[in-house]
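Now for the letters of each chain:
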Amino acid sequence: MSKVLFRNVSILDSTGADPYPGDVLVEDDRIAAVGTVDEARALHAQVVEGRGRTLMSGLCDAHTHFSWNNSADLDGLGGMPVEEHLLFSMESAKKYIDSGYTMCLGAASAKERLDVVCRDAINAGRIPGPRYLANGPEIAVTGGALIKSITKFADGPEGMRLAVRQLIDLGVDQIKLSMTGEEITGTQRAEDTYFSDEEVAAAVAEAHRRGKRVCAHARSAESVKMCLRNKVDIIYHASFTDAEGMDMLEANKDWVFVAPGINWLIATLYEAEAFGFPQEAAEAVGYKKELEVATDGLREMHRRGIKLLPGGDYGFAWTPHGTYARDLEHFVERLGFTPMEAIVSATRLGGEIMLRPDELGQVQPGYLADLLLVDGDPLEDITVLQDHDKLHAIMKDGRFHKEDSGIAPRSGLDAPAGPVTDATRRVVEARP
Amino acid sequence: MPLLICRTCPRYDVDSGSFGAALDGALAGAEVRVRHVPCLGGCPNAGNVAVDGPGKPRVRFSRIGVDDAEDLLDAARRYDASPSGAPGDWEVPAGLAARVTAVSPKR
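Residues numbered from 1 in each chain as written. Chains lettered and ligands numbered in written order. Predicted model: local features only at pLDDT ≥ 70, side-chain atom pairs only at ≥ 80, totals over all residues.

With an unreviewed UniProt entry as reference, chain B is termed DUF1636 family protein, source organism Actinomycetospora chibensis.

The name recorded for chain A in an unreviewed UniProt entry is Amidohydrolase family protein, from Actinomycetospora chibensis.

Here it is in structure tokens:
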């Protein structure tokens, strides 16, 4: 049995409780003890002296595109040869875990099997990467694609069923529907809905029948309602949710997830000039309006308790891979989340969207040991998570992806961790 | 005072990352909180730095060099002292004014 003892850390456990000082013991791939650790149990553990640094769950990106290749235009996503594209996707996977992301939900793959191959390679231990739920090419109807070269086309309910079956045959974990437009295309507008109710219903029915979930690029008001009517599991963007859609989201908040991908709107509007898309152009096609409407809507969703998760659409030139944690800053600064709420959204809700709520996303006994040791307090400054130099250790499945340079050699527990504080004792004793 | 320094500039060159390392050297000992971020999204204009504080817009400067260290510190101080952080409400140092390439409001 392998053991790692994180000693004298500030435990940010993602229950919503304030951080508290203590120790955390990892045995093999699981968190064995949190807060107080029996001396005998920790004997011969590899010791990480926390020195008060924050120990927290790894992060989740709910809208991941390993294969979005930092292109400066949409068509570039499909133009890379498959060999180079696979290499790039593998590098993206490493960038995610280098950034402290141990959970990622694939939102579409630019080629049929890039996601699936990366997922399998990660699971086999062949390449570094987060826990990954793979997707395939997004399904669009004729005339409704954002980028034709990375799209799987299907029309009508039977066409949808066939497309879903073919994607499942590739080995995907979930299905993506591209239901609305995107302003940057100039032709496919964000408020246009291209799917029919019958098409969404058929796709969802087929996917669910096979035990797979469905996610959707759904910016328009109608697409949000269409998703909810037909039980689409994960709604991306939801920019133009109207009053009826908001009520529907609230009525279904026990099962639906919304991942707005807010950084795409912000960066495309304000930061893409160097890549040929100045702010004036972004405003002209509607991004300023969309950002304003989306911000108001997402703040209302948060107020109503709808599950909002960070992530997406990283992998364009102005939303490059590696900058994922900027989403948490947006959640705090723009969407009105407290830093704790943003952290919980990126961790505990991450465990839920990864379908492992009792194993992922919290620092609790029995949970899988996906942990970050952070030099700083994300609750005091959420931007610390954007600085990879501050991520002193990254652990997945109880194994270090990045080791703290100050790790002590394997040793006995030479000295007790120190007196147990009242705060620690209260948290430990309150556990069921 | 917050200062974001890109750690991949110049992204398209073989010495990617050299910009941040050199600027770190120039800023050594300065009273500024530096965040080394993977990218600031201004890659064609390599040498990207931003000021970014709670409730204030992110203001990005591009084509920055180590010789701009003093101006960057000046900008960080002025940004920090400004209640809004919006350019116009604080005076961007003359040497940097023409190199503001993005202002991203928080609301």
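On we go from here.
Of the regular secondary structure elements, chain B holds two helices and five strands. Across chain B, helices and strands are ordered from the amino to the carboxyl terminus as β-α-β-β-β-α-β. Relative to the compact-globule value of 13 Å for 107 residues, chain B shows a C-alpha radius of gyration of 13 Å, a close match. For chain B, the spread of C-alpha atoms along the three principal axes comes to 40 × 30 × 25 Å. Across the 107 residues of chain B, 43% fall into the buried class. Sequence separation of 24 or more characterises 63% of the internal contacts of chain B that already satisfy a separation of 6 or more. (Helix = DSSP H or I, 4+ residues; strand = E, 2+ residues; numbered from the N terminus. Rg over C-alpha atoms; globule rule 2.2 N^0.38 Å. Buried ≥ 20, exposed ≤ 12 C-beta atoms within 10 Å, placed from the backbone. Contact = placed C-beta atoms within 7 Å.)

The next subject is the sheet that holds strand β1 (residues 2-6) of chain B. Residue and element names in this part refer to chain B. Spatially, five strands are ordered β2-β1-β3-β4-β5 in an open sheet, and the strand pairing comes out mixed. Every interior strand has two partners, whereas the edge strands, β2 (33-37) and β5 (100-104), have only one. Each adjacent strand pair in this sheet contributes to an overall mean axis angle of 20°, direction not counted. Relative to β1, helix α1 (residues 18-27) is tilted by about 145°, and along the sheet it contacts β1 and β2. Here helix α2 (residues 69-81) sits on the sheet in contact with β1, β3 (49-51) and β4 (58-61), set at roughly 20° to β3. (Pairing = 2+ DSSP bridges. Axes fitted to C-alpha atoms, helices over the stretch in contact; angles between N-to-C directions.)

Take α1(B) next. Residues and elements named next belong to chain B. Of the positions making up α1, those classed as buried are Phe19, Gly20, Leu23 and Leu27. The buried residues of α1 all sit within an arc of 90° when viewed along its axis, so they share a single face. Of the surrounding elements, those touching the buried residues of α1 are β1, β2 and α2. (Arc of directions from axis to C-beta.)

Residues and elements named next belong to chain A. The residue glutamate 199 is located in helix α4 (residues 197-209) in this model. Given 25 C-beta atoms within 10 Å, glutamate 199 falls into the buried group. The spacing of glutamate 199 and alanine 62 is 137 residues in sequence and 24 Å in space, taken between C-alpha atoms.

On to the pairing of strand β11 (residues 174-178) of chain A. Residue and element names in this part refer to chain A. Counting buried positions over the five residues of β11 gives five, a clear majority of the element. The alternating pattern of β11 places Gln174, Lys176 and Ser178 and Ile175 and Leu177 on opposite faces, both of which are buried. In this structure, β11 lies alongside strand β12 (residues 213-218), joined through five bridges in parallel fashion. For isoleucine 175, the partnering residue across the bridge sits in β12 and is valine 214. Handedness of the crossover joining β11 and β12 through α4: right-handed. (Right-handed = clockwise from strand over helix to strand, strands pointing away.)

Moving on, we get to the confidence of the model for chain B. Taken over all residues, the pLDDT of chain B has a mean of 94, while the share at 70 or more is 99%. Here the complex is predicted with pTM 0.94, and the ipTM for its interfaces comes to 0.96. (pLDDT = per-residue confidence, 0-100.)

Residues and elements named next belong to chain A. An order of β6-β7-β8 is seen for the three strands of this open sheet, with the pairing classed as parallel. Sheet topology places β6 (59-64) and β8 (131-133) at the edges, where each strand pairs with a single neighbour. Averaged over all pairs of adjacent strands, the angle between strand axes in this sheet comes to 15°, irrespective of strand direction. Pairing of β6 with strand β7 (residues 101-106) involves four bridges; the strand directions are parallel. Its bridge partner lying in β7, aspartate 61 is registered against cysteine 104.

All names here are of chain A. Two elements in contact, helix α5 (residues 221-229) and helix α6 (residues 243-251), have axes whose closest approach is 9 Å; the angle formed by their N-to-C orientations is 30°. One element, α5, and the other, α6, form an angle in the roughly parallel class. The hand of the α5/α6 crossing is left-handed. The segment α5 lies against α6, with Ala221, Val224, Lys225 and Leu228 engaging Glu244, Gly245, Met248 and Leu249. Partitioned by chemical class, the residues of the contact of α5 with α6 number five nonpolar, one polar and two charged. (Parallel < 35°, antiparallel > 145°, perpendicular 65-115°, else oblique. Left-handed = near helix turned anticlockwise from the far one by under 90°. Nonpolar A, V, L, I, M, F, W, Y, C, P; charged D, E, K, R; others polar.)

The interface of chain B with chain A comprises 19 residues on the first partner and 20 residues on the second. Where the side of chain B that touches chain A is concerned, the elements lending two or more residues are β2 and β5 of chain B. Looking at the side of chain B that touches chain A element by element, the count peaks at four residues for β5(B). Split into classes, the residues belonging to the side of chain B that touches chain A amount to eight nonpolar, seven polar and four charged.

All names here are of chain B. Mapped onto the fold, alanine 97 is located in the loop between α2 and β5. Among the residues examined, alanine 97 registers 13 C-beta atoms within 10 Å and is labelled partly exposed. A sequence separation of 22 residues divides alanine 97 from alanine 75, and the C-alpha atoms of the two residues are 10.0 Å apart.

A residue-level look at chain A finds 95% of positions with pLDDT of 70 or above and a mean pLDDT of 94. Within the model, pLDDT remains below 50 along residues 407-418 of chain A, and this stretch shows 18 contacts once partners closer than five positions in the same chain are excluded.

Here the focus is the pairing of β2(B). All names here are of chain B. Pairing analysis gives five bridges linking β1 to β2, with the strands arranged parallel. From the neighbouring strand, proline 2 faces β2, where its bridge partner is arginine 33. In the classification by handedness, the crossover that spans β1, the intervening α1 and the parallel β2 is right-handed.

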